[in-house]
Amino acid sequence: SRCFHRLLSVVIETMTTQEFNPNDATTTPMTRLQFDNRFVRELPADPDTENVRRQVLGACYTFVNPTPVAEPELVAYSMDLATDLGIRPVDCESLQFANVFAGNELLEGMQPHAMCYGGHQFGNWAGQLGDGRAINLGEVQDIHGQLQMLQLKGAGETPYSRSADGLAVLRSSVREFLCSEAMFHLGIPTTRALSLVTTGEGVIRDMFYDGRPQTEPGAIVCRVAPSFLRIGNYELFNSHGDIDNLKLLVDYTIRHHYSHLGEPSKATYLAWFKEVCERTADLVVHWMRVGFVHGVLNTDNTSILGLTIDYGPYGWIDNYDPHWTPNTTDATGKRYRFGHQPQIAQWNLLQLGNAIYPLIDDVEPLQQILTDYVKLYTDKWQKMRADKLGLNDYQGDADHELNQQLQKILLLAETDMTIFYRNLADVSCEQNDLSDEDLLAPLMEAYYAPEALSKEDKKDICNWLRRYQLRVQQDGTSDLDRKARMNRVNPKYVLRNYLSQQAIDKAHDGDYSLIHELLEVMHRPYDEQPQYQHYAAKRPDWARDKPGCSMLSCSS
């Protein structure tokens, strides 16, 4: 017996310490992923498993498998996310990893499915939408004990694909992969991106909607989140008058994603709605802090967990402009422009309130929560503004005036928002005798055409800076402490559109090096990183109107 146990211990030690050989066909590194698919276990499935376009009633999802691709090739992966999921780097670099996250191989425990939901698009009810090109593989437990849904975007047709092909191209996939991880490291709630895989197949897209489609490289991103539920999931059941399944879905959401609120009841539903509003307000304040514009904030793109979800025609503010939208489809109405995001978020939350009204049957408390959203958002916005300026707190009317004047001087000339706030930390507030020239010096880098600043413009900016100096002195904060404080909330690096486009252009030529480098840079967006200083530069002139660097379409 002792010999047997000794032999067994040697075998176990060998198994746990030996190096994994990715070329050894007998090893399966991905089998360590353990699936616990509570979403499909607890919620109603579409009884029809035929993968044809159709209306689906009384179901939260449809079982559907990814479409196999010709030649999956791993382009990049997020090492820190893989680690959180218990996947080793050697696993990520294996052939099996590429096959699994291209949809060519299903692991034991996976139950692929596409979610059914509806939504308001550009303010109009669109009816059933659903996962038209996203397929959930299943839920796995991360190293923190939380279940995470793995989802392939661009993995083929589903019953919700409508007239589309369910595929994604390399350019949009690069943007989603990089931005998901960049947002996470900026401290912004978001879905994550585990991997980017090319398919070895061409995808036809009319990028400019001008009747000249072209074949582009296909790609698939594995997205990761605790849940991909969005407001549209609840709206669709309400629109069908299916209150039983609406209640089932809301109860499921509360039990698994808002369990701290207690068992579902009318009071819990209201508490849940209030918290969804609060999380959404937090999210939009973060967007406004860093200059991110979602671009297509429909209710089907509004996460029930308060995450940034569905990276389509998003954009980053270069020159400060509250009216800028990155979405060509929105170019006329500008519904989803940068400065309008707080109001759109509230409008979307109103649609959620309408959707769950049958469970509450009392309009007044729902209206009150939506009314409270305005103060809730304002309070969070004011704290964010104080943080960006390095102030201890936001002091009512005085600081409101300071911020109003700041918005005006940002519009005097094309002013790079990211550089302006980062460099504002270098303006001394301890020296009251600086000349106008010395006072302005740290900020000149932020102007796209500094020579266009008139004497009056410079005077207005300096007048504001002197008011700002006095306000900081009122707090008694040293320049050193203020800079450290400001640099924690004002990033040095954001994923500017032109940077993503440069990575895309290289990737189309088979060079993925810039994807890897940007992934590294955006991992520490608040640090100086002198070796990457060129990635903190203003948008170059050539990128002003270049496709992919300014506005984008919904084409992917």
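Up top is the structure these notes are about.
This is a predicted model, so every value here is computed, not measured.

Conventions used here
- Residues numbered from 1 in each chain as written.
- Predicted model: local features only at pLDDT ≥ 70, side-chain atom pairs only at ≥ 80, totals over all residues.
- Heavy atoms only, no water.
- Helix = DSSP H or I, 4+ residues; strand = E, 2+ residues; numbered from the N terminus.
- Buried < 20%, exposed > 50% of the residue type's maximum accessible area, 1.4 Å probe, protein only.
- Contact = heavy atoms within 4.5 Å.
- Areas by Shrake-Rupley, 256 points an atom, 1.4 Å probe, with all protein chains shown as cover.
- Lys, Arg positive; Asp, Glu negative; His and termini not counted.
- Charge placed at Lys NZ, Arg CZ, Asp CG, Glu CD.
- Polar contact = N/O pair within 3.5 Å; in protein donor to acceptor, adjacent residues only side chain to side chain.
- Axes fitted to C-alpha atoms, helices over the stretch in contact; angles between N-to-C directions.
- Parallel < 35°, antiparallel > 145°, perpendicular 65-115°, else oblique.
- Left-handed = near helix turned anticlockwise from the far one by under 90°.
- Nonpolar A, V, L, I, M, F, W, Y, C, P; charged D, E, K, R; others polar.
- Pairing = 2+ DSSP bridges.
- Salt bridge = Lys/Arg side-chain N within 4 Å of Asp/Glu carboxyl O.

Trainee: Tell me about the overall build of the protein, and please be specific about residues and values.
Mentor: If you tally the helices and strands in the protein, you get 18 helices and 11 strands. Seen along its three principal axes, the alpha-carbon backbone of the protein occupies a region of about 85 × 65 × 60 Å. Out of the 556 residues in the protein, the part that is buried amounts to 56%. In the protein, of all internal contacts separated by at least 6 residues, the share reaching a separation of at least 24 is 72%. As displayed, the protein has an accessible area near 23,500 Å², and 51% of this comes from carbon and sulfur atoms. Averaged over its 52 positive side-chain charges, the protein has a centre that lies 3 Å from the centre of its 75 negative ones.

Trainee: Go over the side chain of Thr190, please, and point to the residues and values.
Mentor: Counting through the fold element by element, Thr190 comes out in the loop between helix 6 (170-185) and strand 8 (192-205). At 2.5 Å, the side chain of Thr190 forms a polar contact with the side chain of Tyr311.

Trainee: Go over the packing of helix 9 (residues 266-290) against helix 10 (residues 341-360), please, and point to the residues and values.
Mentor: Contact geometry for helix 9 and helix 10: axes closest at 10 Å, N-to-C directions at 165°. Relative to helix 10, the element helix 9 lies roughly antiparallel. Crossing angle aside, the handedness with which helix 9 passes helix 10 is right-handed. Between helix 9 and helix 10, the residues in contact are Lys266, Tyr269, Leu270, Trp272, Phe273, Val276, Cys277, Thr280, Val284, Trp287 and Met288 and Gln341, Pro342, Ala345, Leu349, Leu352, Gly353, Ile356, Leu359 and Ile360, respectively. In terms of residue class, the contact of helix 9 with helix 10 is built from 16 nonpolar, three polar and one charged.

Trainee: Before we move on, could you go through the pairing of strand 8 and cite the residues and values that matter?
Mentor: Burial of strand 8 is extensive: 10 of the 14 residues sit out of reach of the surface. Bridge count between strand 2 (residues 73-77) and strand 8: four bridges; the pairing is antiparallel. Paired with Tyr77 across the two strands is Ser195, which belongs to strand 8. Note: strand 8 against strand 9 (residues 214-225), 10 bridges, orientation antiparallel. Along strand 9, the bridge assignment pairs Arg192 with Val224.

Trainee: Outline the pattern of salt bridges, supporting the account with residue identities and numerical values.
Mentor: All told, the structure shown has 37 salt bridges when counted by the stated rule. Arg223 is the salt-bridge partner of Asp310, the closest N and O atoms lying 3.0 Å from each other. Note that Asp310 is positioned in the loop between strand 10 (292-293) and strand 11 (315-316) and Arg223 in strand 9, a separation of 87 residues in sequence. The pair formed by Asp310 and Arg223 is uniform in burial state, with each residue classed as buried. Between Glu528 and Lys492 there is a salt bridge, and its shortest N-O distance comes to 3.2 Å. Taken as a pair, Glu528 in the segment after helix 18 (513-521) and Lys492 in the loop between helix 16 (479-487) and helix 17 (497-508) lie far apart in primary sequence, 36 residues in all. Classification of Lys492 as buried rests on a relative accessible area of 13%. Each member of the salt-bridge network shares a partner with another, and the members are Lys153, Glu176, Arg223, Arg230 and Asp310.

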